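Analysis of the macromolecular model
Residue strings, one per chain:
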Amino acid sequence: MTGGDATGAGRPMPQTDELAEYLDAVVERALADEPRRNRPRPPDDASTPVGSGVPAARNLAYRAARKAYHLALRPQMGVNEELRRGVAALQGEQAAARVEIATLRDQLLALQGEVAGLELGLAQLHATTERIAAALEKVGVEVPGASEERLDAMYAAFEEEYRGTSDDITRALEFYLPYLEASPVDVQPVVDIGSGRGEWLRLLGSRGWKAVGIEVNKAFVDECRAAGLTVELADGLAWLGSAPPASVGAISAFHLVEHLELRRLVDLLDNALRALRPGGLLILETPNATNLAVGAANFYLDPTHLRPVHPDFLAFLARHCGFVQVEVKFLHPVDGRPDGAGPGDHDAPTPADQMAERVRWALAGPQDYALIARRPAAG
Amino acid sequence: MRVGIVKPDYGIAGGFEAVVDRVGRELERRGHEVARATVPVAGLPSDPYGVAVPETARHDAWEAVRYLAMLEAFRAVDTSRFDVVLSTQPPSFATEHPRHLSLFYHHLRIYYDLSAPYVAAGFADEATHGRAQQAVRRVDDRFLGVPAHFLAGSEEVAARLHEFNGIADRVSVFHAGSGVVEAHLADEPGPRFEHVLCVSRHEWPKRTELFVHAMKYLPDREGIVVGDGGRLDFVRDLDARLSAPGVDLDAVGDAELWLNRAEPRPAARSTRAAGASNVRFTGRVPDARLADLYRDALCLVAPAFREDYGLTAIEAMAFGRPVVATSDGGGLTAVVDDGVNGFVVEPTGAAIAAAVRRLADDPDLARRMGSAARERAASFTWERAMRELEAGIERVTA
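Residue positions are counted from 1 within each chain, in the order its sequence is given. Lettering of chains starts at A and numbering of ligands starts at 1, both following the order in which they are written. In view of the model being predicted, local features appear only for residues whose pLDDT reaches at least 70, and side-chain atom pairs are presented and counted only at 80 or more, with totals across whole chains, interfaces and linings using the full set of residues. Excluding hydrogens and water, the side-chain figures rest on all heavy atoms present in the structure.

A few words on the overall build of chain B. Along chain B, the regular secondary structure elements total 16 helices and twelve strands. Three exposure classes are used, based on accessible area relative to the maximum for each residue type with a 1.4 Å probe and protein chains only: buried under 20%, partly exposed in between, and exposed over 50%. Out of the 398 residues belonging to chain B, those deemed buried represent 61%. Here, two residues are considered to be in contact whenever any of their heavy atoms come within 4.5 Å of each other. Across chain B, every contact between residues at least 6 apart in sequence was considered, and the portion connecting residues at least 24 apart equals 72%. Shrake-Rupley sampling with a 1.4 Å probe provides the accessible areas, and residues are treated as covered by the protein chains on show and by no other component. Carbon and sulfur atoms make up 50% of the accessible area of chain B, which totals about 14600 Å². By the criteria applied, helices consist of DSSP H or I runs no shorter than four residues and strands consist of E runs no shorter than two, each listed in order from the N terminus.

Residue and element names in this part refer to chain A. Taken as a whole, helix α9 (residues 218-226) has its buried residues at Phe220, Val221 and Cys224. Across the axial projection of α9, the buried residues extend over an arc of 100°, all falling on one side. Under this definition, polar contacts are N or O atom pairs within 3.5 Å; protein pairs additionally need one hydrogen-donor-capable and one acceptor-capable atom, and for neighbouring residues in sequence, both atoms have to be side-chain atoms. Sitting at the amino-terminal end of α9 is Asn217, which places a side-chain oxygen 2.9 Å from the backbone nitrogen of Ala219. Note on α9: the residue one or two positions beyond its end, Gly228, has a positive phi of about 85°. By construction, the arc corresponds to the directions joining the helix axis to the C-beta atoms.

Formed by 51 residues in total, the largest nonpolar core has its most connected members in Leu27(B), Leu86(B), Phe174(B), Leu197(B), Leu300(B) and Leu389(B). When residues of this core are assigned to domains, at least three fall in each of domain 1 (2-176 + 382-397) and domain 2 (179-377) of chain B. Sequence-distant contacts of Phe174(B), that is, excluding residues within four places in its chain, are made with Val19(B), Val23(B), Leu103(B), Tyr105(B), Leu151(B), Ala152(B), Gly153(B), Ser154(B), Trp382(B), Ala385(B), Glu388(B) and Leu389(B). Buried Ala, Val, Leu, Ile, Met, Phe, Trp, Tyr and Cys residues that are joined via side-chain atoms within 4.5 Å together make up what is termed a nonpolar core. Listed in part, the 46 residues of the second largest apolar core include Leu23(A), Val53(B), Ala135(B) and Trp258(B). Where each domain begins and ends follows an automated or database-derived domain assignment.

Residues and elements named next belong to chain B. One can find Asp113 in the loop between β4 (100-104) and α4 (115-120). Overall, Asp113 belongs to the buried group, its relative accessible area being 6%. A polar contact of 2.8 Å, which involves the side chain of Asp113, links it to the side chain of Arg109. Once you skip the residues sitting within four places of it in the chain, Asp113 turns out to touch Arg160, Phe164, Phe305 and Arg306.

To continue, consider the packing of aromatic side chains. We call Phe, Tyr and Trp rings a pair once their centres come within 6.5 Å, taking the six-membered ring for Trp, and we label the pair stacked below 30 degrees between planes, edge-to-face above 60, and tilted otherwise. Across all of its chains, the model carries 21 aromatic pairs over all chains by this definition. Aromatic pair Trp204(B) and Trp258(B): ring centres 4.7 Å apart, planes at 10°, arrangement stacked. Linking Trp204(B) in the loop between β7 (196-199) and α8 (208-216) with Trp258(B) in helix α10 (residues 254-258), this pair joins segments that are 54 residues apart in sequence. As far as burial versus exposure is concerned, Trp204(B) and Trp258(B) are alike and both buried. Note on Trp258(B) and Phe305(B): the rings are 5.1 Å apart at their centroids and 45° apart in plane angle, and the pair reads as tilted. Of this pair, Trp258(B) sits in helix α10 while Phe305(B) sits in the loop between β10 (299-302) and α12 (311-318), and the two are 47 residues apart along the sequence. Residue Phe305(B) is classed as buried on the basis of its relative accessible area, which comes to 13%. Through successive ring pairs, a cluster of aromatic residues spans Phe175(A), Tyr176(A), Tyr179(A), Trp200(A) and Phe254(A). Between Arg207(B) and the ring centre of Trp258(B), over which it is positioned, the NZ or CZ distance is 5.4 Å. Here, a charge over a ring means that NZ of Lys or CZ of Arg falls within 6 Å of the ring centre while also lying within 35 degrees of the ring normal. Taking NZ or CZ as reference, Arg231(B) lies 3.8 Å from the ring centre of Phe234(B), over its face.

Another point: the confidence of the model for chain A. Residues and elements named next belong to chain A. What pLDDT reports is the predictor's confidence in each residue, on a scale of 0 through 100. Across chain A, the average pLDDT comes to 76, with 73% of residues at 70 or higher. Per-residue pLDDT, averaged within each element of chain A, yields its smallest value for helix α2 (residues 35-38) (36) and its largest for strand β1 (residues 190-193) (96). Low pLDDT, under 50, characterises residues 73-77; the stretch is placed with eight contacts to residues that sit more than four places away or in other chains. Every residue in residues 340-348 is under pLDDT 50, and counting partners more than four places away or in other chains gives 32 contacts.

With that settled, the discussion passes to the packing of α12(B) against helix α15 (residues 363-377) of chain B. All names here are of chain B. In this analysis an axis means a line fitted to C-alpha atoms, helices contributing only their contacting stretch, and an angle means the value between N-to-C directions, from 0 to 180 degrees. Taken N-terminus to C-terminus, the directions of α12 and α15 make an angle of 120°; their axes are 7 Å apart at the nearest point. When the axis of α12 is compared with that of α15, the two are oblique. The chirality of how α12 crosses α15 is left-handed. Where α12 abuts α15, its residues Ile314, Met317 and Ala318 lie against Gly370, Ala373, Arg374, Arg376 and Ala377. Split into classes, the residues belonging to the contact of α12 with α15 amount to five nonpolar, one polar and two charged. These descriptions rest on fixed angle ranges, namely under 35 degrees for roughly parallel, over 145 for roughly antiparallel, 65 to 115 for roughly perpendicular, and the rest for oblique. By convention the crossing between two helices is left-handed if the near helix lies anticlockwise of the far one by an angle smaller than a right angle, and right-handed if it lies clockwise. Polarity classes work like this: nonpolar for Ala, Val, Leu, Ile, Met, Phe, Trp, Tyr, Cys and Pro, charged for Asp, Glu, Lys and Arg, and polar for all others, with Gly in that last group.

Below you can see the structure in the form of structure tokens.
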């Protein structure tokens, strides 16, 4: 049975002898793990279903014995020790990060006051400008500078040209549907913050999900309403802030967080958590700056982007704000390969391939990522 | 029941990952509690069982070394919180549990059904490969004794368990359903029979070479290769070479091509006329686009060697497309009935081309075979798959 009937044993060579010795040693160790003798046996009467209803006493005993076995034997492996050290180090890092965040929050509170003052001044300035503009218009002088509406239209055209056709976007968005379908709690209504041209709302509608878009760009709102979609003209953050607690099933925001300053980002997460009902779903998609082409150049194609949000930071922030089951999914690789493609079952790469894979990731890998998180089911 | 799905995590989302995901969701829908215990392949210790790995092993037998590392990891998985364990890729079948059901899709194939061609193709030295194979088969022989029952992913895989490990009495077959079949079986079949499709993850065992060779006999038809994979550069290059004027197609040896024994490529690659090929490579495409490609295809060509299952063939059939497979196509030959819903031919470019030509010349034949194909595809539902799975669970819990 074990003989190499297909390949034969081959001629003995020095290297193969070394190989054979090594393999023999490992295989002996592998085979010496005689679990059915060393490990506690399950109860003889295995027909008692375990875990359905109250477990039988002997099942409890079996589990306890298994536990004891693992506690006693596992430390030998070294792997666990390494894991424990890793976890301890991570916990340390997390504590440090918490302190940093707390400090940042304090600084932000101080800045908030200053900003409020500046905003007041700005509003006054605005009013003065408009008064002057109105006066000038009356006497027939054209006012230079772009109006809000002009900018809205410009940005709509820019999105049309650079974000891809609506069809492409719709196809990419299908990735998220299984998350809604698999959710154990009702994820309706889905509230899409910054709904833009409404591809997501349209896709949701076509699959029978109740969805509402919140959008500040009037050009987009008009376009969506003309297409029969439900969209409110409002600032998404303000809308979320005033939404009744636990009133929303899912909140999505595609390519929004990279437009927000940290304070507004934290607000977004805090308010989203509050607005979601327990178990509700949060979906955030944003450019993946660990792809070098994205981080170095493409991110800045959109002049309204502030700075890339690192996937680790966004995931950290989501957890910090109270979300659970936080997942990061890398999406839309330049070369169309499956995300994070690595070795397959029987065609895994050599170290050279692994290096190539790293380069691929940096240059032709995922251009975006999604953060998917849930409000804790209880509380 | 608490069902623990035990699985290596390769960091990819392939066809098998989709199947396991669906199985998990279906079990949850049926009121089971599903937990996942994964072993991240990237994070395995480099010296399985604490034995220092010599350079020769790390270099020439790294698949076996990694396999042993995975074995060690799966042996250490604590499954005491599960009522039933459902294991997946090898060697997760080694995970200890009294009620262990193995969803067995394949062995470490290069040491089993792919062994001889793997060596013949020059991917490994015969003596080295033989040593590694012996090691893998020794541990497999022992730990394949762990599962109380096997659900083989196809008749082909069940046959391999019998052929290589002598396991027959603990085996039943699990036919995974297909989301594509569910979504499109009710669609109106495409009225036209146009391009010739080859859909796969194009790795070496898929033998995409044969498709490209066959298409050169059919210059009036467009061939479309969908999917990515490690063998694709080789296949593209072959396509360019075979597209050059004056190539004697009958002189191209298919077995030699696949086993990397064909003539070295001509140096002057740039002399070929750009765009002269009738084969197009799309890479991976979104599901909706793939559905469009299936809808009006003439047929699907599936040239793979000893395929585990043949999911893309089933999907093409759901769209009413006949399938051309080869006599050594493994699981594919269980799906394709020669002369009924497609053709099963010799594994050569010429034989595949002749079968495609028959369909191209006779649209009525294509339509008849297409509707037989749809009937065949209709049986690949998740309903049936879950009946087979639940029967397996009953076998291990009874």
